[in-house]
Amino acid sequence: MSNNGDSGHAADTSRRNFLKVAGALGAGALGTQVAAMREHNAAAAAWYQEHTDHAATPTAADAVEEMDAMHEAGIARFPTETAARGNQPLEFEMDGDVKVFRLTAAVTSWEWDTDQWVDAWTYNGTVPGPVIRVTEGDKIRVIVNNELPESTAVHWHGLIIPNDQDGVPFITQPPIKPGHAYTYEFTAREGNAGSHMYHSHHNSAFQVQMGMLGAFIIEPKDPSTRPAYDVEHIMVLNEGPIAGFSINGKGFPATEPIVAKKGQKVLIRYMNEGAMIHPMHLHGMPQLVIAADGWLLPQPYLCDTINVAPGQRWDVIVDATEVGVWAFHCHILSHAESSHGMFGMVTVMIVEE
Amino acid sequence: MSNNGDSGHAADTSRRNFLKVAGALGAGALGTQVAAMREHNAAAAAWYQEHTDHAATPTAADAVEEMDAMHEAGIARFPTETAARGNQPLEFEMDGDVKVFRLTAAVTSWEWDTDQWVDAWTYNGTVPGPVIRVTEGDKIRVIVNNELPESTAVHWHGLIIPNDQDGVPFITQPPIKPGHAYTYEFTAREGNAGSHMYHSHHNSAFQVQMGMLGAFIIEPKDPSTRPAYDVEHIMVLNEGPIAGFSINGKGFPATEPIVAKKGQKVLIRYMNEGAMIHPMHLHGMPQLVIAADGWLLPQPYLCDTINVAPGQRWDVIVDATEVGVWAFHCHILSHAESSHGMFGMVTVMIVEE
Amino acid sequence: MSNNGDSGHAADTSRRNFLKVAGALGAGALGTQVAAMREHNAAAAAWYQEHTDHAATPTAADAVEEMDAMHEAGIARFPTETAARGNQPLEFEMDGDVKVFRLTAAVTSWEWDTDQWVDAWTYNGTVPGPVIRVTEGDKIRVIVNNELPESTAVHWHGLIIPNDQDGVPFITQPPIKPGHAYTYEFTAREGNAGSHMYHSHHNSAFQVQMGMLGAFIIEPKDPSTRPAYDVEHIMVLNEGPIAGFSINGKGFPATEPIVAKKGQKVLIRYMNEGAMIHPMHLHGMPQLVIAADGWLLPQPYLCDTINVAPGQRWDVIVDATEVGVWAFHCHILSHAESSHGMFGMVTVMIVEE
């Protein structure tokens, strides 16, 4: 509301810049927005560069300003540009009445924060892999090429399919050796609509942690059987060596904001591919929990912090009634903020007039 | 039911004393009760003092008695007197039609168990901070003074308020620098009744862990819109450097018993301000879960162990049908008991005839 | 669906064998099935023996085959024979109208995987202890003999009973000293039907971890008040020194498969006696969640991954519609698979035509 004077010149500038960016985010492509933000935040970004390139040894008198500047610089970089994004739609070809998808598993250099690269294990080069989106009743073929240095296999987590397509080496199939391909074929069963996943089921504690995960959405044949929404956001949660505490393969400030117009309904599909719970807290508006692991709840309920456990998917709908830039983060605070500022499992929901 | 003879003289004495204390607890002030308990348990307390002041090296033959005596001594100290309690009502002044609350953030010496002091980071000197309690529709102003050595900011966790009052530095406001004040002003929105929280949102993984947390209760304008109850107990869960595994800023045996008469309904407002889940188990009576993050569930359900994740609030009502002293603790047993006896996230519910 | 050729000779053999075992599992006793499996899997088992007895130093060229062989060998051993199983029915005698059960707590050598022995702390020699199964309204006496080197006490977790039978040393009873007995006596209250537990409540973080836990089932007086089922499976989850990440006191491949005929309804009673959450994921078919801590939910809901927190019980019913061998495991993948293959909290559900 008010500040008694001298505390916030840089902060005020930063916030004005952020809101300007936030406004721009609703209007155009991400590249343009990032360019706009970068122009405004050159000073903060330079500060960040300087202070992360060498060890700082602040005096006691400087420590408060130092800490706050680090916090500010992190937010000023948001949403920072990185080389690729996961969760892109996976194209398919028709073979008769079968939708044919192709996944290639390979080690890929992955930029999880600006200039922060790591060797991830990916499907089609991104973390998460591309989104496979089909409709109840669709006949599906997925051809998996393994270019990894290990064998692998793909489990269709949440799908009701023939046992021999389930993707568990030595129980339902042989492993897919390096340099080989394997073909899965099944039908998206009616009644099985919702938010599902695909991920490695071989040496999985390692391979999934390294990035071998993606969303598998089955749309209802009759859309009226599921709650309506205007904006969709898939939020894959993970931790590990490739991006630390991450949302969709990126750590804040490289995470992606969710943007909606006031009055829109935002569907968020949480998917936990990690090894820890992540209670996701949205500021400012409650979340209506509508589905567990794709299955509609008989009675949706409201909350503001939803505990997403490993392997679970939860669908929630946020009624975007409150205009502004709302913090959105894991409420295990050590997954979201350190003394150097926000990082990891943090993004924002921007609601525009 | 029966014991075959020789095992329990001290134990029997202890239990009689405990029940006497338990009976007294329902009748009068905590100071009187503690005095009564102390008189009866002088021997056990002396034992505790002796055995925690220097290293004990029991012989094998003594080990069983040693362990049991430590367990007994811990319970004999319950509910041990400490210098201050959190969760006290926060007074306010009216400025026209606005309720004006004042919070001062400062480093405060905090007694989390008898003679166990630590430098906590507090609101108004206690952990949790005072309870802010308002009614739907109330206009509210909170003036926050920062006497900490770091900047801070206050997030109103669960409240639907204007974005610029949300308390996130560099996104919705500048940080509140040491030595400065900041004023928040908003209305307790109708429909937003329930159990909410306020806590630091700057360097929060540290500041919240250190004690910068409190309950924010919005009472319904029409009480008939929420389930009725006779006794209310707020239970803030946390872990960390200031009190270990704690309930309301204290570790057992410095935690506070919940006291009810047979037939009363006890509302418990769980609030997790820590970084770990705490599945809270009440012995003897089930818990009716009525609200998630303040929002009434469309259909309450019964359980005896409710998993409270970081950032969540759960409201439950216990129908106090069973007379006695009922253990009440986190069922991650390592948060509640060691080979030295119960500690940390343990209290009791006492139901009196 | 298909594999392009050369990747899977051993794998194919393994899978045929596994399915043969799986088929046999529905028909006869476990001993026969294990014998059949062992005959077929001699080569893989020998490999396992060789590679776990001394350090392997594979060349880079061999590493893929090495890893896959370890994965295969683990599954080829499933369900491996071990010396004893927990969860066996506890016999009782009638004393007038009272059902009299006897539990002896003692240190017992426990085979948690083939040839892997550990000193467990047990009730009647197994982990979990025997199942106490009674009906609403039953009068019950349980005589507990303590042959442990420590005192102990038994808490009836989930039961609504007189306070002095609740099993908490120094609050409701003296501890049961080594060499002594203690008698509990209470009635299985009407309305308290469902999945409950008994476990140590003295030095419990240690004693429960070591194996002092068991299922306590109260059957409804009127079976029509609970959902019907054809097959029942109790699944006690734990971690710790005696069996690592375990289901019913065993780690995969010594865990027990769940076997059903197509069309049967399988009741699974999850009980978490550990210190960590375990989100249990069944492949192939959803789980209908019907009860929390024994209490029927007002509205069951479907999921495929149910988060079971310490101290909780969840009852689910799986409609065994899909034929095959379905992996069933904790989805914290590091509790279920390493680079050496599946281990710990893994079993399968076998659905036969």
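Worth saying up front: this structure is predicted, and the values here are computed from it rather than measured.

Calculation notes
Residues numbered from 1 in each chain as written. Chains lettered and ligands numbered in written order. Predicted model: local features only at pLDDT ≥ 70, side-chain atom pairs only at ≥ 80, totals over all residues. Heavy atoms only, no water. Helix = DSSP H or I, 4+ residues; strand = E, 2+ residues; numbered from the N terminus. Buried < 20%, exposed > 50% of the residue type's maximum accessible area, 1.4 Å probe, protein only. Contact = heavy atoms within 4.5 Å. Areas by Shrake-Rupley, 256 points an atom, 1.4 Å probe, with all protein chains shown as cover. Least-squares fit on C-alpha atoms with pLDDT ≥ 70 in both. Salt bridge = Lys/Arg side-chain N within 4 Å of Asp/Glu carboxyl O. Buried area = accessible area lost by both parts, 1.4 Å probe. Nonpolar A, V, L, I, M, F, W, Y, C, P; charged D, E, K, R; others polar. Polar contact = N/O pair within 3.5 Å; in protein donor to acceptor, adjacent residues only side chain to side chain. Pairing = 2+ DSSP bridges. Axes fitted to C-alpha atoms, helices over the stretch in contact; angles between N-to-C directions. Phe/Tyr/Trp six-rings, centres within 6.5 Å; stacked < 30°, edge-to-face > 60°. Expected span 1.5 Å × (residues − 1). pLDDT = per-residue confidence, 0-100.

Attention shifts here to the overall build of chain A. Per the secondary structure count, chain A includes 5 helices and 23 strands. In chain A, which comprises 353 residues, the share counted as buried stands at 63%. Long-range contacts, defined here as pairs at least 24 residues apart, represent 75% of the contacts in chain A between residues at least 6 apart. In the structure as shown, chain A presents an accessible area of about 11800 Å², 54% of it carried by carbon and sulfur atoms.

So, about the relation of the copies chain C and chain A. Under the fitted operation, chain C is carried onto chain A by 0.0 Å of movement along the axis and a turn of 120°, and the coordinates agree to an RMSD of 0.0 Å. Seen this way, the second copy is the image of the first under a three-fold rotation axis. Rotation axis and chain C: the residue whose C-alpha lies nearest the axis is Q299(C), separated from it by 4.6 Å.

For the coordinates displayed, the defined rule picks out 54 salt bridges over all chains. Between R269(A) and D315(A) there is a salt bridge whose closest N-O contact spans 3.8 Å. With R269(A) in strand β14 (residues 265–272) and D315(A) in strand β19 (residues 313–319), this pair connects stretches of sequence that are 46 residues apart. Look at R269(A) and you get buried, because its relative accessible area is 4%. Accessibility expressed as a relative area gives 2% for D315(A), which makes it buried. As a salt-bridge pair, E190(B) and K221(B) come within 2.9 Å of each other at their nearest N and O atoms. Of this pair, E190(B) sits in the loop between β8 (181–187) and β9 (194–200) while K221(B) sits in the loop between β10 (213–219) and β11 (231–238); the two residues are 31 residues apart in sequence, bridging distant segments of the chain. The exposure classification of E190(B) matches that of K221(B), with both residues exposed. It is possible to trace a salt-bridge network through shared partners that takes in R133(A), E219(A), R226(A), E232(A), R269(A) and D315(A).

Taken together, the contact pairs 54 residues of chain C with 49 residues of chain B. For the pair chain C and chain B, the summed buried surface comes to about 4200 Å²; carbon and sulfur atoms form 57% of the total. Among the salt bridges present, the one from D68(B) reaches K177(C), with a minimum N-O distance of 2.7 Å. Of all the secondary structure elements, the ones that give two or more residues to the side of chain C that touches chain B are β7 (154–157), β8 (181–187), α5 (204–207) and β17 (295–303) of chain C. Take the side of chain C that touches chain B: its biggest share by element is 5 residues, from β8(C). By residue class, the composition of the side of chain C that touches chain B is 25 nonpolar, 20 polar and 9 charged.

What follows concerns the relation of the copies chain C and chain B. Between chain C and chain B, which share one sequence, the superposing operator has a rotation angle of 120° and an axial displacement of 0.0 Å; the RMSD is 0.0 Å. Interface overlap between copies is the fraction of interface residues in one copy that are interface residues in the other; for chain C against chain B it is only 6%, indicating separate surfaces.

Another aspect to go through is the environment of P149(A). By the element assignment, P149(A) lies in the loop between β6 (139–146) and β7 (154–157). The class of P149(A) is partly exposed, set by a relative accessible area of 47%. Residues P149(A) and T126(A), spaced 23 residues apart in sequence, show a C-alpha to C-alpha distance of 17 Å. Ignoring anything within four residues of it in the chain, the contact list for P149(A) reads V107(A), W121(A), P178(A) and V64(C).

This part takes up the interface of chain C and chain A. Of the residues lining the interface, 50 residues belong to chain C; the matching set on chain A comes to 54 residues. Across the chain C-chain A interface, the total number found is 4 salt bridges. With its nearest N and O atoms 2.7 Å apart, the salt bridge here joins R189(A) to E322(C). Applying the counting criterion to the chain C and chain A interface returns 22 residue pairs in polar contact (both at pLDDT 80 or more). Looking at the side of chain C that touches chain A, the elements that each hand over two or more residues are β1 (2–3), α1 (9–27), α4 (63–76), β15 (278–282), β17, β18 (305–308), β20 (324–330) and β21 (337–338) of chain C. The leading source of residues in the side of chain C that touches chain A is α4(C), at 7 residues. A breakdown of the residues in the side of chain C that touches chain A according to their chemical character gives 22 nonpolar, 19 polar and 9 charged.

So, on to the sheet that holds strand β18 (residues 305–308) of chain B. Residues and elements named next belong to chain B. Here we have 5 strands laid out as an open sheet, ordered β13-β23-β20-β15-β18, and mixed in their pairing. Of all strands in the sheet, those bounded by a partner on one side alone are β13 (258–261) and β18. Each adjacent strand pair in this sheet contributes to an overall mean axis angle of 20°, direction not counted.

All right, on to the packing of aromatic side chains then. Tallied over the full model, the rule gives 33 aromatic pairs over all chains. Ring plane angle 55° and centroid distance 5.5 Å describe the contact between W156(A) and F186(A), whose orientation is recorded as tilted. With W156(A) in strand β7 and F186(A) in strand β8 (residues 181–187), the pair connects residues that are 30 residues apart, well separated along the chain. For the pair formed by W156(A) and F186(A), the shared burial category is buried. When the ring of F78(C) is compared with that of F252(C), the centres are 5.1 Å apart and the planes differ by 20°; the resulting orientation is stacked.

Turning to the environment of H331(B), a few remarks are in order. Relative to the helices and strands, H331(B) resides in the loop between β20 (324–330) and β21 (337–338). Taking relative accessible area as the criterion, H331(B) reaches 1% and is therefore assigned buried. In this structure the C-alpha to C-alpha distance between H331(B) and D222(B), which are 109 residues apart in sequence, comes to 36 Å. Discounting residues that sit within four places of it in the chain, H331(B) has contacts with P279(B), H281(B), T305(B), H157(C), H199(C), E273(C), G274(C), P310(C) and G311(C). Polar side-chain contacts of H331(B) include one of 3.2 Å to the side chain of H157(C).

A few words on the side chain of N87(C). Residues and elements named next belong to chain C. Within the element layout of this structure, N87 appears in the loop between α4 and β2 (93–95). There is a polar contact of 3.0 Å between the side chain of N87 and the side chain of N248. Once residues within four sequence positions are removed from consideration, N87 is found in contact with P128, G129, V131, I234, V236 and N248.

Moving on, we get to the sheet that holds strand β10 (residues 213–219) of chain A. Residues and elements named next belong to chain A. In spatial order, the strands read β5-β10-β9-β7; together these 4 strands make up an open sheet with mixed pairing. The sheet terminates laterally at β5 (132–135) and β7, the two strands that pair on one side only. Within this sheet the neighbouring strands show an average axis-to-axis angle of 20°, counted without direction. Summarising the sheet, strand β9 (residues 194–200) and β10 pair through 6 bridges and their orientation is antiparallel. Residue pairing for β10: M197 is matched across the bridge by A215.

Residues and elements named next belong to chain B. With 14 residues, helix α4 (residues 63–76) should reach 20 Å at 1.5 Å per residue; the first-to-last C-alpha distance of 20 Å fits that figure. The buried fraction of α4 is high, at 11 of 14 residues. Of the residues making up α4, those classed as buried are V64, E66, M67, D68, M70, H71, E72, A73, G74, I75 and A76.

All names here are of chain A. Mapping D138 onto the fold places it in the loop between β5 and β6. On the basis of relative accessible area, D138 is assigned to the buried category, the value being 16%. Separated by 2.6 Å, the side chains of D138 and K99 make a polar contact. In contact with D138, other than residues within four places in its own chain, are K99, F186, T187 and A188.

This next bit is on the pairing of strand β11 (residues 231–238) of chain C. All names here are of chain C. Counting buried positions along β11 yields 7 of 8 residues, so the element is predominantly enclosed. Pairing geometry for β11 and strand β12 (residues 246–247), over 2 bridges, is antiparallel. Note that in β12 the partner of L237 across the bridge is I247.

Bringing the confidence of the model for chain A into the picture now. All names here are of chain A. Averaged over every residue, the pLDDT of chain A is 88; the share at 70 or more is 83%. Under a pLDDT of 50 for its full length, residues 52–59 has, in the predicted model, 3 contacts with residues more than four places off or in other chains. Across the interface, the model reports ipTM at 0.87; the global pTM reads 0.88.

A separate point is the pairing of β13(B). Residues and elements named next belong to chain B. A one-sided burial pattern is seen for β13, the buried positions being I258 and A260 and the unburied ones V259 and K261. Sheet topology places β13 next to strand β23 (residues 346–352); 4 bridges connect them, and they run parallel. Bridge pairing links K261 to E352 in β23.

Moving on, we get to unusual backbone geometry. Cis geometry is adopted by the peptide bond preceding P253(A), which originates at F252(A) and carries an omega value of 10°. Mapped onto the secondary structure, P253(A) falls in the loop between β12 (246–247) and β13 (258–261). The residue after V127(B), namely P128(B), is reached through a cis peptide bond having omega -10°. Even without a glycine there, the phi angle at N248(B) is positive, about 50°. Checked against the element boundaries, N248(B) lands in the loop between β12 (246–247) and β13. Of note in this structure, N87(C) is not a glycine but carries a positive phi near 60°.

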